[in-house]
Protein chains: 2
Amino acid sequence: MNKNNVNKSVTMRDVADHVGVSVATVSRTLRNPEVVSPAVRDKIAAAIESLGYLPDPAARALASTRSDIIGVILPSVSNNVFADVMDGIYSAVEGTHHSVQLGYSRYAPLSEENLIRVFLRQRPAGLIVAGIDQTEAAQALLREAGCPVVQIMETGSTPYDRMIGFSHYDAARAATAHLIAQGYRRPGFLGARMDPRTQRRLHGFRDELRAHGIEEGKRIQTTTRPSSVTLGSHLLAQLMDLAPETDAIFCINDDLALGAMFEAQRRNLRIPDDLGICGFNDMEMMAAAEPSISSVRTFRREMGEGAVQLILDALSGSATQEKIVDLGFQVIQRRSTRGH
Amino acid sequence: MNKNNVNKSVTMRDVADHVGVSVATVSRTLRNPEVVSPAVRDKIAAAIESLGYLPDPAARALASTRSDIIGVILPSVSNNVFADVMDGIYSAVEGTHHSVQLGYSRYAPLSEENLIRVFLRQRPAGLIVAGIDQTEAAQALLREAGCPVVQIMETGSTPYDRMIGFSHYDAARAATAHLIAQGYRRPGFLGARMDPRTQRRLHGFRDELRAHGIEEGKRIQTTTRPSSVTLGSHLLAQLMDLAPETDAIFCINDDLALGAMFEAQRRNLRIPDDLGICGFNDMEMMAAAEPSISSVRTFRREMGEGAVQLILDALSGSATQEKIVDLGFQVIQRRSTRGH
DNA sequence: AGGCGTAATGTAAGCGGTTACATTCGTCAA
DNA sequence: TTGACGAATGTAACCGCTTACATTACGCCT
């Protein structure tokens, strides 16, 4: 009840004294209750409650050479794709005794490597990293991290430990195939922040075009600048100026797609007849847009949840054999590509 | 150079032995270099580098009864308003020896209270919490947190410690005044997730209407459901069905505004003539939309950066007298309210 | 030359838990 | 009744660092 003495720092010692046992017994009822007698266990639980005891994570980490922290290293704070992943991660961590420590690499491999080192120093319970494009040194660190490591966002053939995501290459091919199936013959490509992950999407796009014997012409517009809706507008403008024959576009993400749609409207291009649009990720707004915009749905929240679950399973020894979890994707057709 | 022995755990002991000094000296050169002789200091620095030593944060926290953690408690992961704040926070923390620990209350005051307790247990370097609507117990905890506490997102009269944000009430009044100044006489209000913060925006809206002698009629549509673009469409549909006289709307945030715009387009309402639209926050997409959408710009990144800075200042004793930093806001007129 | 002050470093006691090992206690078989 | 054994609990070392205090070394003054 009297939980307000956080500042006075109720320690395990206090709990032990209050009950009349040793701190070891208190520690045991917290870590493996089954070895302490029910009577004592109950008294200790009551004391913990009434004193408002909360364990000190630093002390615990120091003594057990293992912290409760699950480290998460992502490229970007503000990209809402990662916000969804984080949502999944936090909700999966909730109710466990773990806590999350977040680091942002800002799409810089060296910065990521450094974060890995710093995180590893805390002997984390597990580590979640995005993608498969780590530096050599980072790869080495992750391979012998001494804790479960989960790569998210992508699948690939050689996980350091475990992996949960989907194939960006396949997803891009499927989206492109969709455009072609809808009768578009001159599809273009809009890409921003062309990191390795988005490059794989570009490969998928190109390969699918090639498979259909379609020339790409000048219809691939990319930039290294970070993605935004405004940028989507700019890229479409560029594209239409350079390659007016373009009859559809596959956008690397939904922000670009939305911006492209606005720009198309400004140019009085009719969607989907003059221009088909397909985004990537299927953020919530795509369904609400006018016209609604087709996109490739990805399972971001599930990725976050799944990653945490993989770690918890590994920790509890109940891990499965599967090293790679492929969550797949789903091309969602809407009005922007002649849907509905 | 040989930085790869993270797993072998290079400790301060190793560094000390390598140089031939005591661990105390190593600790000192890390915490207050000025008390150790330059010669020794350099040798230690070299050893740290060559052994790849990284301090153990748990041990440090335990020994110094003060961790390097800046705790941040926000209501939501996925709301991109907070993503911008986080961006500011992380960029301000970068380069310091602090780290960020994030907690999400999911808009539940009790959950927030609990997070505060847990965070305080780690004796954080500082604490950042959102808003001013804490439970009684949480308030008490924050008042005697024993570390700098910064409330962000809002200003109010009684900070627990320090505060950086703006007045939601004033911002809403200004937006409403803008609509009225643009000639709209029957403005409506769209709100989702009506928590105390958005309630204050509603008050501002109402008071401004009253100041102009305008009846609000049935033009206030709110819901407790979380905000989304789709919801913006629904709310506008409801609003226009119930109060067809509505000639403008002030939306609690930009997602709603965007959804409302799409719905207006579906209903063939001309923007800005049949319907004026003003959003809130001025996310990037508002400028790119077709038509571009007016909004109230808020300084979210600056809020995050500023909050961290306030903590760092307090920690270094260089804090100013000002307890409250008002970052203000800015009504940005665009085509959706007859701008440009 | 002896004494003293100061700067630089060392010593050792924690910080709050965990855990291997020791001890105690009750129970049951002989 | 006694000894053995397992369950429950206690003892104490230790995790890696910080820091108050003790010690040493050195230069300077009288």
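Structure: see above.
Residues numbered from 1 in each chain as written. Chains lettered and ligands numbered in written order. Predicted model: local features only at pLDDT ≥ 70, side-chain atom pairs only at ≥ 80, totals over all residues. Heavy atoms only, no water.

Caption draft 1: Summary view of the overall build of chain A. Within chain A one finds 13 helices and 12 strands. Against the globule reference of 20 Å for 340 residues, chain A gives a C-alpha radius of gyration of 25 Å, more extended than a compact globule. Taken over 340 residues, chain A has a buried fraction of 56%. Long-range contacts, defined as pairs at least 24 residues apart, comprise 70% of the intrachain contacts of chain A with a sequence gap of at least 6. Summed over all atoms, the accessible surface of chain A reaches about 13,500 Å², with 50% contributed by carbon and sulfur. With 37 positive and 39 negative side-chain charges, chain A shows a spacing of 2 Å between the two charge centroids. (Helix = DSSP H or I, 4+ residues; strand = E, 2+ residues; numbered from the N terminus. Rg over C-alpha atoms; globule rule 2.2 N^0.38 Å. Buried < 20%, exposed > 50% of the residue type's maximum accessible area, 1.4 Å probe, protein only. Contact = heavy atoms within 4.5 Å. Areas by Shrake-Rupley, 256 points an atom, 1.4 Å probe, with all protein chains shown as cover. Lys, Arg positive; Asp, Glu negative; His and termini not counted. Charge placed at Lys NZ, Arg CZ, Asp CG, Glu CD.)

Caption draft 2: Local environment of the nonpolar core. Judged by nonpolar contacts, the single largest core of 150 residues is most densely connected at Ile152(A), Phe250(A), Ile152(B) and Phe250(B). Apart from the residues lying within four places of it in its own chain, the contact partners of Ile152(A) are Leu74(A), Val85(A), Ile128(A), Val129(A), Ala130(A), Gly131(A), Ile164(A), Met303(A) and Ala307(A). (Core = buried A, V, L, I, M, F, W, Y, C linked by side-chain atoms within 4.5 Å.)

Caption draft 3: Up close: the protein's contact with DNA strand C. The local shell around DNA strand C holds 26 residues, among which Met12(A), Ser27(A), Ser22(B), Thr25(B) and Val40(B) are the closest. Of all atoms in DNA strand C that approach within 4 Å of the protein, 60% are sugar or phosphate atoms. In this structure, Ser27(A) approaches DNA strand C through a side-chain N or O atom, which is 2.4 Å from a phosphate oxygen. Within the contact set of DNA strand C, a base oxygen lies 3.4 Å away from a backbone nitrogen or oxygen of Leu62(B). Listing elements by their share of the surface near DNA strand C, those giving two or more residues are α2 (23-31) and α4 (57-64) of chain A together with α2 (23-31) and α4 (57-64) of chain B. Within the surface near DNA strand C, the residues separate by chemical class into 12 nonpolar, 7 polar and 7 charged. (Near = heavy atom within 4 Å. Polar contact = N/O pair within 3.5 Å; in protein donor to acceptor, adjacent residues only side chain to side chain. Nonpolar A, V, L, I, M, F, W, Y, C, P; charged D, E, K, R; others polar.)

Caption draft 4: Up close: the interface of chain A and chain B. Facing the 57 residues of chain A at the interface are 57 residues of chain B. For the pairing of chain A and chain B, the buried interface totals around 4,800 Å² over both sides, and the portion due to carbon and sulfur atoms is 53%. Connecting chain A to chain B are 4 salt bridges. Arg266(B) is paired through a salt bridge with Glu290(A); the nearest N and O atoms lie 3.1 Å apart. At the junction of chain A with chain B, the criterion picks out 24 residue pairs in polar contact (both at pLDDT 80 or more). Elements supplying a minimum of two residues to the side of chain A that touches chain B: α4, α5 (80-93), β2 (99-104), α6 (109-121), α7 (136-143), α10 (229-242), α11 (254-266) and α12 (285-288) of chain A. Per-element tally for the side of chain A that touches chain B: the top contributor is α5(A), with 7 residues. In the side of chain A that touches chain B, the residues fall into 29 nonpolar, 14 polar and 14 charged. (Buried area = accessible area lost by both parts, 1.4 Å probe. Salt bridge = Lys/Arg side-chain N within 4 Å of Asp/Glu carboxyl O.)

Caption draft 5: Highlighting the relation of the copies chain A and chain B. Turning chain A through 180° and shifting it by 0.1 Å along the axis lays it on chain B, with an RMSD of 0.1 Å. Taken together, the rotation angle and the small translation identify this as a two-fold axis. Closest to the rotation axis within chain A is the C-alpha of Ala58(A), separated from it by 2.2 Å. By residue overlap, the copies meet face to face through one surface: 100% of the interface positions of chain A are interface positions in chain B. (Least-squares fit on C-alpha atoms with pLDDT ≥ 70 in both.)

Caption draft 6: How the structure looks around the protein's contact with DNA strand D. Inspection of the region around DNA strand D gives 27 residues, with Thr25(A), Val40(A), Met12(B), Ser27(B) and Tyr53(B) positioned closest. Counting only atoms of DNA strand D within 4 Å of the protein, the sugar-phosphate share comes to 66%. A distance of 3.3 Å separates a phosphate oxygen of DNA strand D from a polar atom in the side chain of Arg31(B). Asp56(B) has a polar backbone atom sitting 3.4 Å from a phosphate oxygen of DNA strand D. For the surface near DNA strand D, the elements supplying multiple residues, two or more each, are α2 and α4 of chain A together with α2 and α4 of chain B. Its residues placed into classes, the surface near DNA strand D shows 13 nonpolar, 7 polar and 7 charged.

Caption draft 7: Representation of the sheet that holds strand β5 (residues 162-166) of chain A within the structure. Residues and elements named next belong to chain A. Spatially, β2-β1-β3-β4-β5-β11 is the arrangement adopted by the 6 strands of the open sheet, whose pairing is parallel. In this open sheet, the two edge strands, each paired with only one partner strand, are β2 and β11 (324-326). Geometrically, the sheet is characterised by an average inter-axis angle of 15° between neighbouring strands, direction not taken into account. Looking at chain direction, β5 and β11 are connected through 3 bridges and run parallel. Of the residues in β11, the one forming a bridge with Met163 is Ile324. (Pairing = 2+ DSSP bridges. Axes fitted to C-alpha atoms, helices over the stretch in contact; angles between N-to-C directions.)

What is shown is where atoms sit, not what they do.
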